[in-house]
Amino acid sequence: MNQNIPQHRLLDAWRECQRHRHFIDYALSSLETSLPLTGERLALLSDAEVQSLDQFVLRFGKLQDAIGARLMPSVLLYLQEPYEDRPMLDKLHRLEKLGYIEDSEQWQALRMLRNRFAHEYPDDPDKNAAILMLAIESVASLEAILKRIDQKLALSSIS
């Protein structure tokens with residue numbers, strides 16, 4: 001396989017992750033005065049703040065999808081690891097063993113969190129706010145995953 005193809009896929013996935021990360025940061029900066037969210041604050045958000053929150057939710061999910069479905073497999077392909085047809089859990093364990101992610105269970109917890117806040121609880125604004133705050137707090141974990149991959153592959157210097 002031509003080495004340029006795995007590198008190209010890797011860089012495309014990296015750029016996509018950076019784009020989603022940028023819009024997450026933008027959305028969170030727009031919500032800064034409303035944080036931390038509570039059920040009461042959630043009910044009082046302006047239309048612009050609701051749009052920012054929607055943008056955060058959308059981009060958080062897209063970033064997770066891009067990392068899990070594109071970046072992690074691209075890292076393994078670039079490293080010539082034969083994990084293309086393996087289950088995600090096997091890929092996570094291999095990336096952990098190679099030092100590209102700190103903890104495969106952390107990734108699984110992030111996925112579970114995303115699945116939780118993808119559902120709205122119309123009768124429980126406090127629960128919605130708590131789940132959203134967990135997601136907001138977990139952005140640092142997603143950024144740490146990206147940083148660790150970047151440190152090992154120096155992607156930000158070649159993208």
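Note that the coordinates shown come from a computational prediction; the quantities given were computed from them, not determined experimentally.

Looking now at the overall build of the chain. Of regular secondary structure, the chain possesses seven helices and zero strands. Written out in order from the N terminus, the α and β elements of the chain read α-α-α-α-α-α-α. Expressed along its principal axes, the backbone C-alpha trace of the chain runs to roughly 55 × 30 × 20 Å. Every one of the 159 residues in the chain was classed for burial, and the buried ones make up 41%. Pairs at least 24 residues apart make up 68% of the contacts formed inside the chain by residues separated by at least 6 positions.

Right, let's get into the packing of aromatic side chains. The description of an aromatic ring pair uses the distance of the two centres, along with the angle that the planes make with each other. A full pass over the atoms with the stated rule returns one aromatic pair. When the centroid spacing of 5.6 Å and the interplanar angle of 40 degrees are considered together, the rings of F56 and F60 count as tilted. Taken together, the positions of F56 and F60, both in helix α3 (residues 47-78) and four residues apart, correspond to about one turn of that helix. Both residues of the pair, F56 and F60, belong to the buried class. The ring of Y100 is capped by K152, whose NZ or CZ atom sits 5.1 Å from the centre of that ring.

Attention now goes to helix α4 (residues 88-98). One turn of an α-helix holds 3.6 residues; hence residues three or four places apart share an orientation. Those residues of α4 not exposed but buried are K91, L92, R94 and L95. Summarising the axial view, the buried residues of α4 lie within an arc of 165 degrees, below the 170-degree limit, and thus occupy one face. Structurally, α4 contributes buried residues whose contacts are with α3 and α5 (104-117). Two residues or fewer after α4 comes G99, characterised by a positive phi angle close to 90 degrees.

Rules behind the numbers
Residues numbered from 1 in each chain as written. Predicted model: local features only at pLDDT ≥ 70, side-chain atom pairs only at ≥ 80, totals over all residues. Heavy atoms only, no water. Helix = DSSP H or I, 4+ residues; strand = E, 2+ residues; numbered from the N terminus. Buried < 20%, exposed > 50% of the residue type's maximum accessible area, 1.4 Å probe, protein only. Contact = heavy atoms within 4.5 Å. Phe/Tyr/Trp six-rings, centres within 6.5 Å; stacked < 30°, edge-to-face > 60°. Lys NZ or Arg CZ within 6 Å of the ring centre and 35° of its normal. Arc of directions from axis to C-beta.

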